Amino acid sequence: MHLSRRNALKLSLLAAGLLSSGLSLAAAQLDPLLAERLATALPDEQLEVVISYTQSGPPQAAQIAALQQLGIGSAISMQSLPIAGALATPAQIQALAARD
């Protein structure tokens, strides 16, 4: 599975809605609140995240497969929007953010 550079990911903390902009990490952007939370989270702690893709439609099968390859099996993708919600550990979030 290859994600193009155009399919850069954006992760944001699911708390008081979708927050965007923030710390840039590889091809992805992490919301500042998520970056803060990653710094204090335990290694096995499951964090709620929203993964946003750059295309206009829902996440593609290859994108969902990439989440599963990282061990993120709880992802729920939207039917019309290019986003998925998931529970992920700090290591999984960092690995996802580092993908091309």
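On a predicted model such as this, the values are computed, not experimentally measured, just so you know. (Residues numbered from 1 in each chain as written. Predicted model: local features only at pLDDT ≥ 70, side-chain atom pairs only at ≥ 80, totals over all residues. Heavy atoms only, no water.)

## A short note on the environment of Q55
Locating Q55 in the fold gives a position in the loop between strand 4 (47-52) and helix 2 (61-69). Each C-alpha atom of the pair Q55 and P82 lies 6.3 Å from the other, and the pair is 27 residues apart in sequence. Within the structure, the side chain of Q55 is placed 3.1 Å from the backbone oxygen of P58, a separation counted as a polar contact. A polar atom in the side chain of Q55 sits 2.9 Å from the side chain of Q63. (Helix = DSSP H or I, 4+ residues; strand = E, 2+ residues; numbered from the N terminus. Polar contact = N/O pair within 3.5 Å; in protein donor to acceptor, adjacent residues only side chain to side chain.)

## Digging into helix 2
Residues of helix 2 that are buried include every one of Q63, A66 and L67, and no others. For helix 2, the arc enclosing every buried residue in end-on projection is 100 degrees, short of the 170-degree limit, so these residues lie on one face. Facing away from the buried side of helix 2 by over 90 degrees, the exposed positions are A61, Q68 and Q69. Buried positions along helix 2 lie against strand 4, strand 6 (83-88) and helix 3 (90-98). G71 sits one or two positions beyond helix 2 and adopts a positive phi of about 90 degrees. (Buried < 20%, exposed > 50% of the residue type's maximum accessible area, 1.4 Å probe, protein only. Arc of directions from axis to C-beta. Contact = heavy atoms within 4.5 Å.)

## Brief notes about a nonpolar patch on the surface
Taken together, I76, M78 and L81 make up a surface patch of nonpolar side chains, about 280 Å² in accessible area. Mapped onto the secondary structure, L81 falls in the loop between strand 5 (76-77) and strand 6. Residue classification places L81 among the partly exposed residues on the basis of a relative accessible area of 48%. (Patch = residues over 30% accessible without salt bridge, like charges linked within 9 Å, V, L, I, M, F, W, Y side chains within 5 Å. Areas by Shrake-Rupley, 256 points an atom, 1.4 Å probe, with all protein chains shown as cover. Salt bridge = Lys/Arg side-chain N within 4 Å of Asp/Glu carboxyl O.)

## A word on the nonpolar core
Nonpolar side chains tend to gather and get buried jointly when the protein is soluble and globular. Within the largest apolar cluster, 17 residues are counted, with the highest numbers of intra-cluster contacts made by L34, V49, I51, L67 and I93. At the level of elements, strand 3 (28-30), helix 1 (32-40), strand 4, strand 6 and helix 3 are the ones that each hand at least two residues to this core. With residues near it in sequence (within four places) discarded, L67 still touches I51, Y53, I72, A75, A84 and L96. (Core = buried A, V, L, I, M, F, W, Y, C linked by side-chain atoms within 4.5 Å.)

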